[in-house]
Amino acid sequence: MRIGHVIVPADDLDAQLAFYTSLGLTVRFRDGDRYAAVTDGTVTLGLADASQQPVAGRTVLSIQVDDLDSCVARLVAAGATATDPVTGPHERRVLVTDPAGNPLTLYQPHP
């Protein structure tokens, strides 16, 4: 398990990229006008349009796991709530809500 990235809403991706690169972050990659990843070399921010936001308008922590299904099962057994898995172009992911009601995304990259 590792923290993959923090997903930040970006209705205007060009404006968000200009802002975050002005802070000194570098662009890791861009996927059209829907998503871009910027980093300081350690932490990655995912700038996401509405189609890529797990919870509309909320900043969401995203955690990469080795085995999505078993991780979700453990968390649900411990009282978390979880959505059904979604398969995206880069990973399978599940939205989980922690005990305080905060959403986070768990994801397993495609091989």
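Only a predicted model underlies this, so the values are computations on that prediction, with no experimental measurement involved.

Cut-offs and rules
Residues numbered from 1 in each chain as written. Predicted model: local features only at pLDDT ≥ 70, side-chain atom pairs only at ≥ 80, totals over all residues. Heavy atoms only, no water. Helix = DSSP H or I, 4+ residues; strand = E, 2+ residues; numbered from the N terminus. Rg over C-alpha atoms; globule rule 2.2 N^0.38 Å. Buried < 20%, exposed > 50% of the residue type's maximum accessible area, 1.4 Å probe, protein only. Areas by Shrake-Rupley, 256 points an atom, 1.4 Å probe, with all protein chains shown as cover. Lys, Arg positive; Asp, Glu negative; His and termini not counted. Charge placed at Lys NZ, Arg CZ, Asp CG, Glu CD. Pairing = 2+ DSSP bridges. Arc of directions from axis to C-beta. Contact = heavy atoms within 4.5 Å. Polar contact = N/O pair within 3.5 Å; in protein donor to acceptor, adjacent residues only side chain to side chain.

A.B. asks: Explanation requested: the overall build of the protein chain in the structure shown.
C.D. replies: In terms of helices and strands, the protein chain carries two helices and nine strands. For the protein chain, the α and β elements follow one another from N to C terminus as β-α-β-β-β-β-α-β-β-β-β. In terms of overall dimensions, the protein chain is globule-like: its C-alpha atoms have a radius of gyration of 14 Å, near the 13 Å expected for 111 residues. In terms of its C-alpha atoms, the protein chain occupies a principal-axis envelope of roughly 45 × 30 × 25 Å. Taking all 111 residues of the protein chain together, 37% fall into the buried category. About 6400 Å² of surface is accessible on the protein chain, with carbon and sulfur atoms providing 55% of the total. Where the 8 positive side-chain charges of the protein chain centre and where its 13 negative ones centre are 4 Å apart.

A.B. asks: Even after reading the chapter, I still don't get the pairing of strand β5 (residues 60-64), so can you show me in this structure?
C.D. replies: Regular strands place their side chains on alternate faces of the sheet. For β5, the buried fraction is high: four of the five residues fall into the buried class. Bridge count between strand β1 (residues 2-9) and β5: five bridges; the pairing is antiparallel. Bridge pairing in β5 links Ile3 to Ile63. Taken together, the four bridges between β5 and strand β9 (residues 103-109) define a ladder with parallel strand orientation. Counted as the bridge partner of Ser62 is Thr105 from β9.

A.B. asks: Which parts of the structure should I look at to understand helix α2 (residues 68-77)?
C.D. replies: What sets the pattern is the α-helix's 3.6 residues per turn: residues three or four places apart point alike. Taken as a whole, α2 has its buried residues at Leu68, Cys71 and Val72. For α2, the arc enclosing every buried residue in end-on projection is 95°, short of the 170-degree limit, so these residues lie on one face. Residues of α2 that are exposed and point over 90 degrees away from its buried face: Arg74 and Ala77. Looking at the buried residues of α2, the elements they touch are β6 (81-82), β8 (91-97) and β9. Sitting at the amino-terminal end of α2 is Asp67, which places a side-chain oxygen 3.3 Å from the backbone nitrogen of Asp69.

A.B. asks: Is there a simple way to explain helix α1 (residues 13-22) in this structure?
C.D. replies: Among the residues of α1, those classed as buried are Leu13, Gln16, Leu17 and Tyr20. Each buried residue of α1 lies within a common arc of 100° when the element is viewed along its axis, so the set occupies one face. The elements touched by buried residues of α1 are β1, β2 (26-31), β3 (35-39) and β4 (44-48). Immediately downstream of α1, the backbone of Gly24 shows phi near 105°, a positive value.

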